[in-house]
Amino acid sequence: MFVEGELTEEIVACINTNDVERMKSLMSNYALGYSDWDKTIMDLYSYFPDDYTPINVSDYYSLRDMDRGKFVGDGELYECKFDMNNNGKLYHVYYVWLKHVPDDETKQGIHSIILISDDAYKNKDYKFHGKDDAPGVYIYN
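Residues numbered from 1 in each chain as written. Predicted model: local features only at pLDDT ≥ 70, side-chain atom pairs only at ≥ 80, totals over all residues. Heavy atoms only, no water.

1. Topic: the confidence of the model for the chain
Working step 1: The predicted model of the chain averages 80 in pLDDT, with 79% of residues at 70 or higher.
Working step 2: By mean pLDDT, strand 1 (residues 61–62) is the weakest element of the chain at 58, and helix 2 (residues 20–24) is the strongest at 96. (pLDDT = per-residue confidence, 0-100. Helix = DSSP H or I, 4+ residues; strand = E, 2+ residues; numbered from the N terminus.)

2. Points about the pattern of salt bridges
Working step 1: Scanning all chains against the criterion turns up five salt bridges.
Working step 2: Two residues, aspartate 43 and lysine 39, come together in a salt bridge whose shortest N-O distance is 2.9 Å. With aspartate 43 and lysine 39 both in helix 4 (residues 37–45) and four residues apart, this pair spans about one turn of that helix.
Working step 3: Ionic contacts of the salt-bridge type, sharing partners, join the residues Glu21, Lys24 and Asp38 into one network. (Salt bridge = Lys/Arg side-chain N within 4 Å of Asp/Glu carboxyl O.)

3. Some points on the pairing of strand 5 (residues 136–140)
Working step 1: Of all five residues in strand 5, four are buried, a share of seventy percent or more.
Working step 2: Pairing of strand 4 (residues 109–117) with strand 5, which is carried by five bridges, proceeds in the parallel orientation. Bridge assignment links leucine 115 to a residue of strand 5, and that residue is isoleucine 139. (Buried < 20%, exposed > 50% of the residue type's maximum accessible area, 1.4 Å probe, protein only. Pairing = 2+ DSSP bridges.)

4. Brief notes about the packing of aromatic side chains
Working step 1: In this structure the tally under the stated criterion is five aromatic pairs.
Working step 2: On the basis of an interplanar angle of 50° and a centroid distance of 5.0 Å, the ring pair of tyrosine 30 and tyrosine 34 is categorised as tilted.
Working step 3: Looking at tyrosine 30, the relative accessible area reads 28%, which means it is partly exposed.
Working step 4: When the ring centre of tyrosine 30 is taken as reference, the NZ or CZ atom of lysine 107 above it lies at 4.8 Å. (Phe/Tyr/Trp six-rings, centres within 6.5 Å; stacked < 30°, edge-to-face > 60°. Lys NZ or Arg CZ within 6 Å of the ring centre and 35° of its normal.)

Given below as structure tokens:
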């Protein structure tokens, strides 16, 4: 089980090594049933420069604590964000991590990863894919 900060480091390590299997190991078993992860992860990796270093890493925050998402019992849902700059173009990377789901352990892990260009972000030309949406990698360029 990851603690705050470690999961972002692990995701960046996967990106820098183009390791699809390692990235898939971070996904929940539930999420793995919803997408062609090999293809979508490689699509995601194609946006990152070599030896990528994240910028503007936000703290993890619990959607439950912010009253935006709720689980029965002790469930924990985190939304996490970091940015990257690729040849002067800024991207925002969000991921939804279900850290603890007491009533369905198959949902524990990364649920979705969303890559949003700064232009799409400023123009609100994207959809945030949370726990109630189909799991997957979503790219808004």
